[in-house]
Amino acid sequence: MLPDSFWRIIRIGLVGLVLAAAVAGLVLGDAWLWVAVEWSPPAYAEFYARGGFDTPTVVALLVAALVKAALLWLILRAPAPGPLDRRAKVLRRLLYLAVAYALVLWYPIALLPDAVGAAFQLALWTAIDVLYLLVIRWRSRILRAAAGAMFAVVLAGMANELLDELDLPELGSGGIVGLGLMLSGVAATIITVVGQRRDGRWSRGTQAAGWLSVGVCALVIPLNVLSGRISSGNLAMLVMMDAVGLVSTVWIAATARELPAEDRPADLPPARRRVIRVAVAAVAVLPIIAMIHPEQAAHLTYTGWSMDCYDRPSFGDLKPAERDAAFLCRARSTEGGVPPMFPDSLSDQAILAYGRALCRTKDRDEQEAILTRAGSARPAWRVDPWDLVYVCPEIVGATHPELLRSTTETEAANTAYIAEENAKCRDPWPRTKGVVQATAKYFLFVDGDPGYLVHDPEDEAADEVAEQAMDKVYDDSTLVGVAGSAVLVGHVADVVDLCLTVKAFRTAPPRRTAGWDQVNEVPIVSRSGQLTVPYMGEGGEVGAGAPMPNLAIAGKGRYRLRVYVRVDDAGEEQHLVVVFPGASRKRLKLKP
């Protein structure tokens with residue numbers, strides 16, 4: 001075992017390095033200050049504060065440097081001398097491995113796939129918890145059983161995280177499960193500290209560190225779960241929580257250090273015991289104090305970084321009490337890299353008031369004036385009614401009733417609409433039956449879509465030839481782009497949908513160009529035995545309103561594709577696509 005003097009030199013050197021690096025970081029800039037205090041790459045600083053650190057964050061980083069230096073001094077104390085049995089030796093090594101992970105190993109492991117880190121944590125703490133049950137003298141079967149139960153729950157949570165990373169069925173999900181696992185972790189710590197007290201080997205200082213780690217969890221639970229996730233708006237709080245989180249590492253290191261002691265070490269001096277009691281009481285009270293804000297302070301339920309805001313529920317799926325929160329998500333969202341509608345400096349109540357004021361505006365100028373007054377980063381942008389519907393459904397619903405629907409109602413309405421549109425389309429060759437055929441409405445992009453594909457979706461180069469066909473669609477007046485296994489058929493009128501009939505024949509059918517505005521015939525090849533038209537499917541916006549058949553009825557090989565196009569008096573466009581086997585590679589304009 002290394003002498004105490006060697007450990008003291010290491011402690012002085014590392015603690016001095018931390019403090020010196022923090023001072024140097026203050027001079028060199030935010031990124032270096034972050035690295036010196038948080039012991040993580042400078043890119044993380046840019047992630048949390050893109051515009052640089054504000055004064056409270058800088059102060060928090062400097063205070064955190066002092067706190068972490070003091071805790072690091074306690075962590076790096078020399079192991080207590082004395083004999084250890086085989087189990088205790090293994091437990092000590094694993095506990096020091098957990099300490100190393102908390103201090104430095106977390107970053108290199110984070111560079112590996114997430115499943116590797118989850119598996120490492122599960123394996124490490126499974127071994128530690130089993131050895132806790134075997135090494136600690138609990139002096140009570142009930143206490144040992146309770147410890148085993150809590151350890152099992154915590155390990156189940158780690159196993160659930162590993163299953164999630166491996167995309168396997170999870171044991172459970174949801175906020176309630178996460179909160180239950182966190183509370184189980186707190187209970188496991190409490191029981192372990194009680195076991196250490198009954199064992200008699202661990203000092204009051206080590207037990208105090210265990211109780212302080214429980215206090216840190218008491219800080220994390222209300223701040224991180226009940227009050228929303230800590231975000232960029234509270235970076236100073238994030239820094240301080242990271243610093244005091246080292247208390248748990250102090251407890252783990254002290255537990256490993258005092259394993260050989262057969263008798264409880266001498267009690268701490270009364271003055272130090274009073275300091276520890278004050279610290280424990282302060283940590284216990286801090287969660288309550290942290291959640292009390294001045295009346296004029298901004299109350300932030302959700303911010304632009306909140307994970308709970310990534311989903312966008314339909315208005316009809318929300319209970320009345322949930323609608324304000326949904327609007328706050330949209331108002332502070334930075335999704336897609338766009339600036340938020342309102343800044344995080346505004347309270348929830350202020351944003352809701354501004355939102356209801358926006359509902360009553362009559363034109364865009366009034367909206368811009370309100371957003372400017374609120375300090376919005378995008379005052380000239382239009383506020384969408386599907387954002388405002390959450391705060392004033394009675395106003396938005398009068399002009400956009402579809403926004404009041406639930407997801408089920410929206411899906412039912414879309415299905416009914418597509419069925420109605422499909423029913424408007426008729427087979428232009430009702431007496432000429434193809435081997436396979438279908439008629440449906442084809443929906444295009446509203447903002448301009450060149451047309452639709454007839455292609456081999458299983459072709460290895462499907463995407464490439466589709467792009468080539470799109471590039472060739474405007475080469476001539478036929479508006480038919482050909483590229484191997486893909487043909488892009490353009491539309492001639494300014495429409496957002498058209499009636500499409502597809503038919504496949506074993507031989508070339510009669511041309512029958514009468515009544516059509518254009519008739520063109522081009523080659524196409526099927527490399528996989530498939531030729532079809534894209535289907536819109538569930539939740540789609542572009543494609544055929546009904547599944548289209550496989551038009552390559554003769555399997556792999558070359559085919560001829562004939563396209564009939566016309567626009568009726570009402571401006572509705574109709575297409576008929578005929579496919580039949582044919583080796584010719586000529587393009588024919590049967591009716592220009």
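Everything numeric here is computed off the predicted structure, so don't read it as measured data.

Asks: Outline a negative patch on the surface, listing residues and values.
Replies: Taken together, the side chains of Asp-114, Glu-161, Asp-164, Glu-165, Asp-167 and Glu-170 make up a negatively charged region of the molecular surface. Here the negative patch gets three residues from one element, more than from any other, and that element is helix H7 (residues 141-165). Relative to the elements of secondary structure, Glu-165 occurs in helix H7. By relative accessible area, Glu-165 is classed as partly exposed at 31%.

Asks: Explain the sheet that holds strand E8 (residues 557-567) residue by residue, including any values.
Replies: Sheet architecture is open: seven strands sit in the order E7-E1-E5-E9-E8-E6-E10, paired in mixed fashion. One side of each edge strand has no neighbouring strand; the edge strands of this open sheet are strand E7 (543-544) and strand E10 (588-591). Bridge count for strand E1 (residues 436-443) against E7 is two bridges, and the pairing is antiparallel. Within E7, the position partnered with Tyr-442 by the bridge is Ala-544.

Asks: Please give an account of the packing of helix H5 (residues 86-110) against helix H6 (residues 114-135) that cites residues and values.
Replies: It is at 10 Å that the axes of H5 and H6 come closest, and there the two elements cross at 155°. The orientation of H5 relative to H6 falls into the category roughly antiparallel. Considering the relative orientation of H5 and H6, their crossing is left-handed. Touching Arg-87, Ala-88, Val-90, Leu-91, Leu-94, Leu-95, Leu-97, Ala-98, Tyr-101 and Ile-109 of H5 are Gly-117, Phe-120, Gln-121, Leu-124, Trp-125, Ala-127, Ile-128, Leu-131, Tyr-132, Leu-134 and Val-135, all from H6. Here the contact of H5 with H6 is composed, by residue class, of 18 nonpolar, two polar and one charged.

Asks: Tell me about the pattern of salt bridges, and please be specific about residues and values.
Replies: With the rule as written, the count across this model stands at 15 salt bridges. When the shortest N-O distance is used, the salt bridge between Asp-387 and Arg-330 registers 3.5 Å. Of this pair, Asp-387 sits in helix H16 (residues 385-388) while Arg-330 sits in helix H13 (residues 320-332), placing them 57 residues apart in sequence. For Asp-387, a relative accessible area of 7% gives the class buried. Among the salt bridges present, the one from Asp-384 reaches Arg-382, with a minimum N-O distance of 3.1 Å.

Asks: An account of the nonpolar core is needed here, citing residue identities and associated values.
Replies: Ile-75, Leu-91, Leu-95, Trp-125, Ile-128, Tyr-132 and Ile-252 are the most contacted members of the largest nonpolar core, which totals 47 residues. Broken down by secondary-structure element, the contributors of at least two residues to this core are helix H1 (4-28), helix H4 (55-75), H5, H6, H7, helix H8 (175-199), helix H9 (204-226) and helix H11 (246-257). Element by element, the count of residues in this core is highest for H6, at nine residues. Those residues within four positions of Tyr-132 in sequence are excluded, and the remaining contacts are Leu-91, Leu-95, Trp-138, Phe-151, Thr-192 and Thr-255. Counting residues in each nonpolar core, the second largest holds 30 residues, with Val-487, Val-495, Ala-504 and Val-522 among its members.

Asks: Hey, could you go over the pairing of strand E5 (residues 497-504) for me, with residue numbers and the actual values?
Replies: For E5, the buried fraction is high: eight of the eight residues fall into the buried class. Neither face of E5 is left uncovered, since the one carrying Asp-497, Cys-499, Thr-501 and Lys-503 and the one carrying Leu-498, Leu-500, Val-502 and Ala-504 both have all their residues buried. Relative to E5, E1 runs antiparallel, the two sharing eight bridges. Residue pairing in the sheet places Val-436 in a bridge with Ala-504 of E5. Where E5 and strand E9 (residues 573-581) come together, six bridges link them in parallel fashion. Considered in E9, the bridge of Cys-499 is made with Gln-574.

Asks: Quick one: what's the story with the confidence of the model for the chain, residue by residue and with numbers?
Replies: Per-residue confidence for the chain gives a mean pLDDT of 84, with 84% of residues at or over 70. Per-element confidence in the chain ranges from a low mean pLDDT of 59 for helix H12 (residues 270-290) to a high of 97 for E9. With pLDDT under 50 throughout, residues 225-233 is counted as low confidence; its partners more than four residues away or in other chains account for 22 contacts.

So, how was this worked out
- Residues numbered from 1 in each chain as written.
- Predicted model: local features only at pLDDT ≥ 70, side-chain atom pairs only at ≥ 80, totals over all residues.
- Heavy atoms only, no water.
- Patch = residues over 30% accessible without salt bridge, like charges linked within 9 Å, V, L, I, M, F, W, Y side chains within 5 Å.
- Areas by Shrake-Rupley, 256 points an atom, 1.4 Å probe, with all protein chains shown as cover.
- Salt bridge = Lys/Arg side-chain N within 4 Å of Asp/Glu carboxyl O.
- Lys, Arg positive; Asp, Glu negative; His and termini not counted.
- Charge placed at Lys NZ, Arg CZ, Asp CG, Glu CD.
- Helix = DSSP H or I, 4+ residues; strand = E, 2+ residues; numbered from the N terminus.
- Buried < 20%, exposed > 50% of the residue type's maximum accessible area, 1.4 Å probe, protein only.
- Pairing = 2+ DSSP bridges.
- Axes fitted to C-alpha atoms, helices over the stretch in contact; angles between N-to-C directions.
- Parallel < 35°, antiparallel > 145°, perpendicular 65-115°, else oblique.
- Left-handed = near helix turned anticlockwise from the far one by under 90°.
- Contact = heavy atoms within 4.5 Å.
- Nonpolar A, V, L, I, M, F, W, Y, C, P; charged D, E, K, R; others polar.
- Core = buried A, V, L, I, M, F, W, Y, C linked by side-chain atoms within 4.5 Å.
- pLDDT = per-residue confidence, 0-100.

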